[in-house]
Amino acid sequence: MRIEIPREFERLGAVRIYGLQKVYELDAGGSPDVIARDDGVVRSLPAEAIHEVQRQMAIVVPVRSERLKLIESVLVGIPNPCLVIVVSNSPREPIDRHFLEQESIANFCQFTRKQVVIAHQRDPAVAAAFAAGDYPEILDEAGLVRHGKAEGMIIGTLLARLLGRRYVGFVDSDNYFPGAVNEYVRDYAAGFLMHGSDHTLVRIAWHSKPKIVEQALYFAKWGRSSRRCNRALNQLLSAYTGFETDIVKTGNAGEHALTLDLAMAMRYATGYAVEPHHYIDLLERHGGILPTERGDMRQLVRICQIESRNPHLHADKGDAHVADMIVGSLATIYHSRLCPPALRSRLEAELRQAGYLGEGEPVRAIRVYPSLTQLALDRFAAGMQEILDRRIGATAPANGAPVHAGHPA
Ligand code: GDD
Ligand code: MG
């Protein structure tokens with residue numbers, strides 16, 4: 001892959017947010033020495049180096065009631081070296097959609113000879129593992145893991161940790177183009193190769209989202225939610241640096257990857273607020289602003305943003321769904337301890353004017369989970385063993401990786 005170096009970054013405390021990086025070649029060939037050359041404005045990353053990172057990566061695919069053909073097309077796009085983890089929250093009754101998913105994935109595994117770890121979010125065994133790990137916050141009144149994309153991502157992250165992966169990436173399961181999925185996972189690896197593998201978060205800004213406008217294909221750049229979310233995050237940054245900025249282009253990036261150490265240390269917001277909350281959590285804890293945070297400004301946390309070349313075409317979930325996402329995104333910024341009063345008033349006015357808040361209705365706080373380091377990993381691992389053993393296509397631990405609760409090698 002050939003990719004440009006970031007032209008700029010904003011720095012707050014230990015957090016560096018890099019400007020958007022463009023991809024110039026999806027495959028830049030294989031010469032092994034080019035990665036070391038650091039003099040130009042672009043870096044050429046050999047395919048073998050990309051694969052080496054992918055061998056240490058798990059890709060988590062969250063699923064809720066997607067068409068089987070779409071799920072399969074996503075699996076087709078995930079590069080072979082990656083471990084695949086599917087976390088489903090599809091209904092089991094009146095029709096057992098999850099059973100159909102399992103069958104379809106088993107069929108895929110038979111043809112590809114791949115292993116896929118598959119867990120159901122509402123499986124009582126998963127809930128029991130969280131209870132045993134002393135992490136009850138994720139359980140609802142029925143004692144099961146709460147509904148929501150973030151909750152599925154948390155399960156996937158922990159499975160990646162138990163299977164000893166160094167990186168975890170996410171791709172939505174409703175993507176029509178396997179080629180786009182394939183590119184996202186290459187972009188993740190490129191991000192880690194360029195920015196190091198300590199505390200790095202790689203986020204994808206979609207090149208475009210094709211839609212039909214006046215009977216013609218139109219390649220829209222920004223979605224309704226990402227437009228508002230990016231603006232609010234940039235205003236938050238500007239409030240502290242004193243310089244207006246538009247550096248944040250990936251406030252809502254569903255497609256993102258993290259080093260496992262960073263993923264375990266983060267606090268996640270519920271549902272679709274999870275992605276904007278990454279920024280908030282990192283700035284609250286490492287931004288050098290709040291007196292309660294860690295004082296070490298040398299341990300950098302890098303947020304890298306890569307613009308994919310493929311257009312993103314996914315299932316249309318309707319206006320109400322977009323509204324939920326907008327309210328969730330802005331609420332997570334509104335309720336941050338970092339949000340200055342002027343920005344808070346502006347966000348509230350924005351939500352009210354757009355009709356997302358009723359008369360007198362407050363901006364409701366978003367549930368935030370404690371960092372996964374709070375979970376007793378050994379006890380959680382014991383509870384999850386049954387799910388790991390049920391791996392589809394597996395006769396031995398995936399790609400030879402050990403199942404353990406210790407630190408990845
Ligand atoms: N496990 C699990 N549990 N998966 C879920 C759940 C859940 O409760 N709810 C949704 N998903 C899955 C969906 O099946 C899909 O694969 C993925 O999570 C994203 O959900 P969508 O409903 O398709 O969201 P979207 O396309 O509107 O938004 C996506 O892009 C946004 C950026 O524009 C998401 O990735 C957002 O998180 C992201 O902010
Ligand atoms: Mg979608």
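From a predicted model like this one, the values you see are computed outputs, not experimental measurements. (Residues numbered from 1 in each chain as written. Chains lettered and ligands numbered in written order. Predicted model: local features only at pLDDT ≥ 70, side-chain atom pairs only at ≥ 80, totals over all residues. Heavy atoms only, no water.)

1. Details of the coordination of the magnesium ion (ligand 2)
The protein atoms donating to the magnesium ion (ligand 2) are Asp174 (OD) and His314 (ND1), with metal-donor distances spanning 2.1 to 2.3 Å. Highlighted residues: aspartate 174 in the loop between β9 (167–170) and α6 (178–195) and histidine 314 in the loop between β14 (301–307) and α10 (319–334), separated in sequence by 140 residues. Judged by its relative accessible area of 25%, histidine 314 falls in the partly exposed class. (Donors = N, O, S within 2.8 Å, 3.2 Å for Na, K, Ca; no water. Helix = DSSP H or I, 4+ residues; strand = E, 2+ residues; numbered from the N terminus. Buried < 20%, exposed > 50% of the residue type's maximum accessible area, 1.4 Å probe, protein only.)

2. Points about the confidence of the model for the protein chain
Here the protein chain shows a mean pLDDT of 91. Residues at 70 or above account for 93%. When the criterion is pLDDT under 50, residues 396–409 qualifies, and its contacts beyond four places in sequence or with other chains add up to 39 contacts. (pLDDT = per-residue confidence, 0-100. Contact = heavy atoms within 4.5 Å.)

3. Brief notes about the pairing of strand β8 (residues 116–120)
With respect to burial, β8 is a largely interior element, 5 of its 5 residues being buried. Of the two faces of β8, the one carrying Val116, Ile118 and His120 and the one carrying Val117 and Ala119 are both buried. This β-α-β element, strand β7 (residues 83–88) to helix α3 (residues 97–112) to β8, shows right-handed connectivity. (Right-handed = clockwise from strand over helix to strand, strands pointing away.)

4. Focus on the packing of aromatic side chains
Evaluated as defined, the whole model comprises 4 aromatic pairs. Members of the aromatic cluster, connected to one another through ring pairs, are Phe130, Tyr135 and Phe380. For the cation-ring pair, lysine 221 lies above tryptophan 222, with the distance from its terminal atom to the ring centre recorded as 5.8 Å. Above the ring of tyrosine 334, the side-chain terminus of arginine 344 is found at 5.6 Å from the ring centroid. (Phe/Tyr/Trp six-rings, centres within 6.5 Å; stacked < 30°, edge-to-face > 60°. Lys NZ or Arg CZ within 6 Å of the ring centre and 35° of its normal.)

5. Here's the deal with α6
The terminal C-alpha atoms of α6 lie 26 Å apart, and with 18 residues this matches the ideal 26 Å at 1.5 Å per residue to within 8%. Taken across its 18 residues, α6 has 13 buried, putting it largely inside the fold. Glycine 196, located one to two residues past α6, shows a positive phi value of around 85°. (Expected span 1.5 Å × (residues − 1).)

6. Here's the deal with the side chain of aspartate 187
Residue position: aspartate 187 is located in helix α6. Within the buried core, aspartate 187 has no salt-bridge partner, and the shortest N-O distance to an opposite charge, that of arginine 186, equals 7.2 Å. Once you skip the residues sitting within four places of it in the chain, aspartate 187 turns out to touch Met1, Val23, Val202, Ile204, Ile306 and Ser308. (Lys, Arg positive; Asp, Glu negative; His and termini not counted. Salt bridge = Lys/Arg side-chain N within 4 Å of Asp/Glu carboxyl O.)

7. Examining the nonpolar core
Among the nonpolar cores identified, the biggest contains 76 residues, and Ile85, Phe130, Ile155, Leu158, Leu258, Phe380 and Met384 are the most heavily contacted of them. At 8 residues, helix α5 (residues 149–162) tops the list of elements feeding residues into this core. Those residues within four positions of isoleucine 155 in sequence are excluded, and the remaining contacts are Val87, Ala119, Gln121, Val126, Phe130, Val145 and Met384. Counting 39 residues, the second-largest nonpolar core is a separate cluster that includes Ile105, Val116, Tyr188 and Met194. (Core = buried A, V, L, I, M, F, W, Y, C linked by side-chain atoms within 4.5 Å.)

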